[in-house]
Amino acid sequence: MTHDQSFTNQKFKVVGTRVNRPDGVDKVTGRARYGADATAPGQLVGLFLRSPHAHARIKKIDTSKAEKLKGVKAVITSADLPDHTNGAMLDKLTNCMARDRVLYDGHAVAAVAAIDRQTAKKALKLIKVSYEVLPHVTDVDEAMKPGAPIVQPGTKTRGVDPKPTKDSNVASVSTFGHGDLDTGFKEADVIIEKSYKTEQTHQGYIEPHACLASVGPDGSGELWVTTQGHYTYRTDCAALLDMDLAKLKVTSSEIGGGFGGKTHVWIEPIALALSRKANRPVKAVMTREEVFKASGPTCSTSMDIKIGVKKDGTITAGSAHIRYQDGAFPFIWGQLGAMTAFACYDLKNVQAVGYDVLVNRPKVAAYRAPSAPMAAFGVESTMDLLAEAIGMDPIELRIKNAAKEGTKASYGPTYGPIGIGPTLEAAKNHPHMKAKLKKNQGRGMACGFWFNFGGQTCTDINIGSDGTVNLSLGTVDVGGSRASMSLICAEELGIPYEQVKANVADTSSLGHNDTTEGSRGTFSSGMATIFAARNAIEELKNRAAQMWDVPVEEIEWVDGEARAVGQQHDNLPPLTLKDIAAKSAGTGGPIAGHNEVVADGAGVSFASHICDIEVDPETGGTKVVRYTVIQDAGKAIHPDYVEGQFQGGAAQGIGWALNEEYIYGEDGTLQNAGFLDYRIPVCSDLPFIDTQILEIPNPNHPYGVRGVGETSIVPPLAAIGNAVSNAAGVRMTHVPMSPPRILKAIEDANA
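Rules used in this analysis
Residues numbered from 1 in each chain as written. Predicted model: local features only at pLDDT ≥ 70, side-chain atom pairs only at ≥ 80, totals over all residues. Heavy atoms only, no water. Axes fitted to C-alpha atoms, helices over the stretch in contact; angles between N-to-C directions. Helix = DSSP H or I, 4+ residues; strand = E, 2+ residues; numbered from the N terminus. Parallel < 35°, antiparallel > 145°, perpendicular 65-115°, else oblique. Contact = heavy atoms within 4.5 Å. Nonpolar A, V, L, I, M, F, W, Y, C, P; charged D, E, K, R; others polar. Phe/Tyr/Trp six-rings, centres within 6.5 Å; stacked < 30°, edge-to-face > 60°. Buried < 20%, exposed > 50% of the residue type's maximum accessible area, 1.4 Å probe, protein only. Lys NZ or Arg CZ within 6 Å of the ring centre and 35° of its normal. Arc of directions from axis to C-beta. Salt bridge = Lys/Arg side-chain N within 4 Å of Asp/Glu carboxyl O. Pairing = 2+ DSSP bridges. Core = buried A, V, L, I, M, F, W, Y, C linked by side-chain atoms within 4.5 Å.

Helices that pack against each other are described as a pair by the angle of their axes relative to one another and the distance between those axes. Contact pair helix 11 (residues 372–390) / helix 12 (residues 394–401): the axes reach a minimum separation of 9 Å and the direction vectors enclose 110°. In terms of orientation, helix 11 and helix 12 fall into the roughly perpendicular class. Contacts between helix 11 and helix 12 involve E380, M383, D384, L386, A387 and I390 on the former and, on the latter, P394, L397 and R398. Residues of the contact of helix 11 with helix 12, tallied by class, amount to 6 nonpolar, no polar and 3 charged.

Here you go:
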């Protein structure tokens, strides 16, 4: 692993060091408390009854026998929930509990709370639901055809002119780009047009959704939950159940993986509703089958990519039509795909059109840089085909057309300082690119982009009388933010890392913080922590001024201590943070710093990946031989965590590219809802993933930080697709590239 610091001039003392992680000991000893580890006196077990059909009308639900069963304390159907049928919360409410129709296999129709699991399971069997089975559609292309079953009646396609009058499964069409495609394609010497497909995948977090919910007779509630955003969960649960925000306290547990999948409520509002009805705490934990069937996976897609190029390698035009299935509820996944498709390149004529399409599958959730990996698979695979057609090295083609500072991005804005060029140059010069390949091995590379986000953030710093520091954060730690924030806090205050203890506060202890998503954790909380520390330093200077009886203007804070400036103060020795804290009771009380910010200016992120794959021509089996991730971090606050994010994204991308997919039967039910049949990579499937951190500072952050958590999952589908295609001697256009698909492609090519 290499860590290239040549791009940053800022001098740091503790930021950038590889300190011990604060949660490490608890996690390896089993002391860490996850979503299912919370208990409360008198708690009940909450279980869900789920639809066995992909699409059906609920004619009748009879819960009477279940309600009479000894030990059952509450039964809930949609009739027990507030009516939000005309509000913005309808989709969320309907996804948590079906109303008049079930929209996918696994859609919840009822829930029970009982004294133990056996009683709850017995109660579910006593609930009688009569269904009228309706036609269903689970494939994105089939859902767009005339005559396809309509998933959500009343849906009219947004983003097209004239406004449609007929219902459609196409919820919206989003178009981005600039220039003139016709002119651009006329200028091309070579045009490649190709269609691609990617299948639906799950984030594969090891910890299932779990919560402990308690609502008292006064209407006040508490929720302990595994989540990426406990404030968002509070907002959604309170709105869905007509509770006051201030009366619902949400505490986030340790999180056993999220990757975007723990950004929506699924079982939590129902657990609270059960508790409210039973007047007892209710614990609900999804089974693995429920996680697969009824929590948000990513989209499956189908796309048509067309790119034109001159013989010298100049791309003259690029177009993409990308169809994303959103599950049964519309969102902006197609829009994000269209925005990211060509973001790595400086193109004069470009257009990307994203379609958001409804099907009878579970509501889609984010999966690390949502929508970008699929679009990159199409565009980056086509880039390799272009390079081959004009006899140019694929990396040289990318370098020639890479976006740079001043480029008008394909989705609208003009880029500031960005890292796509440097990552490509680093990939070109990396030893991996020069290593010899063996028989049946192929090498591929690809680029990737993610926007990164900022958002609402609130942070507190409280200095103890012994000089140690409590840092309260509102962003859930999904990838090491407690260590990173402690480093930033220590850097600003000028104290050792070990003197700072970071905690993720509950929703009653801090102002609102947006969900940890969009690679915003370190960027936004880092910004708030810096400003909160500077706020605390001003107070420390005030206290030192009191202790010395000198004007505060004559005090500066350097290396963790107050110093009086000027010859007249030469006799005053510096006061350390510990000295000032020890006297705080007599100088005005506790010393604290606070900041709330809407963190704007998240720097965009780019990566280039290199991959070597061995393909067995007899079986179509694959082995990843070598993998390298090169990415711009802006500034790596804690390099171990940054490398971990790079490697984690690549590992998930490898699984997605080679094995993972949702398989639906003719009846619209999921066939492989478990880790036995839905195969995520294990250690033996992966090589050591090499990393190289580049640092092109983000000018909009005091430390130059760019988010790093998501970009690393964008290039793998394409990098692996290019490697497999080179190894097998046939172009792969369908992800995952499982052995049967590779074998069929080889056989078709030979035939």
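What follows concerns the packing of aromatic side chains. Summed over all chains, the structure comprises 18 aromatic pairs. Between the aromatic rings of Y411 and Y415, the centroid separation amounts to 6.5 Å while the plane-to-plane angle is 65°, which identifies the pairing as edge-to-face. The burial state of Y411 is the same as that of Y415; both residues are buried. Considering the side-chain rings of W450 and F453, the 6.1 Å spacing of their centres and the 85° angle between planes classify their relative orientation as edge-to-face. Accessibility expressed as a relative area gives 1% for W450, which makes it buried. The aromatic ring of W224 is capped on one face by R33, whose charged end is 4.6 Å from the ring centroid. The ring of F185 is capped by K306, whose NZ or CZ atom sits 4.3 Å from the centre of that ring.

We now examine helix 13 (residues 420–429). Of the residues making up helix 13, those classed as buried are I420, T423, L424, A426 and A427. Axial view of helix 13: buried residues confined to an arc of 160°, hence all on one face. On the buried face of helix 13, the contacting elements are helix 12, helix 14 (431–434), strand 17 (441–450), strand 25 (605–615), strand 26 (622–632) and strand 27 (689–694).

Turning to the pattern of salt bridges, a few remarks are in order. Counted under the stated rule, the structure contains 39 salt bridges. Between K197 and D141 there is a salt bridge, with the nearest N and O atoms lying 3.3 Å from each other. Taken together, the residues span a long stretch of sequence, with K197 in strand 9 (residues 190–198) and D141 in helix 5 (residues 140–143) at a distance of 56 residues. Here E539 and R543 are joined by a salt bridge, their closest N and O atoms 2.6 Å apart. Placement of the pair is E539 and R543 together in helix 16 (residues 521–548), with a separation of 4 residues, close to one helical turn. Of the residues examined, R543 reaches a relative accessible area of 3% and is grouped as buried. Among the ionic contacts, a cluster of salt bridges with common partners joins R21, D23, K27, E254, D477 and R482.

Taken in spatial order, the 6 strands of this open sheet run 8-16-15-14-9-28, and their pairing is mixed. In this open sheet, the two edge strands, each paired with only one partner strand, are strand 8 (170–178) and strand 28 (734–735). Here strand 9 runs beside strand 28; their pairing, made up of 2 bridges, is parallel. Residue pairing in the sheet places T198 in a bridge with V735 of strand 28.

The next thing to look at is the nonpolar core. Formed by 99 residues in total, the largest nonpolar core has its most connected members in Y411, Y415, Y627 and I720. Y411 has contacts with F176, M339, A343, F449, F451 and V604, leaving out every residue within four places of it along the chain. Counting 57 residues, the second-largest nonpolar core is a separate cluster that includes M89, Y233, C237 and A238.

Bringing the pairing of strand 3 (residues 56–62) into the picture now. Along any regular strand the residues' side chains alternate between the sheet's two faces. Bridging between strand 3 and strand 5 (residues 101–102) involves 2 bridges; their strand directions are antiparallel. Paired with A56 across the strands is V102, a residue of strand 5. Bridging between strand 3 and strand 7 (residues 128–133) involves 6 bridges; their strand directions are antiparallel. Directly across from I58, in strand 7, lies its bridge partner Y131.

Coordinates in, geometry out; function isn't part of it.
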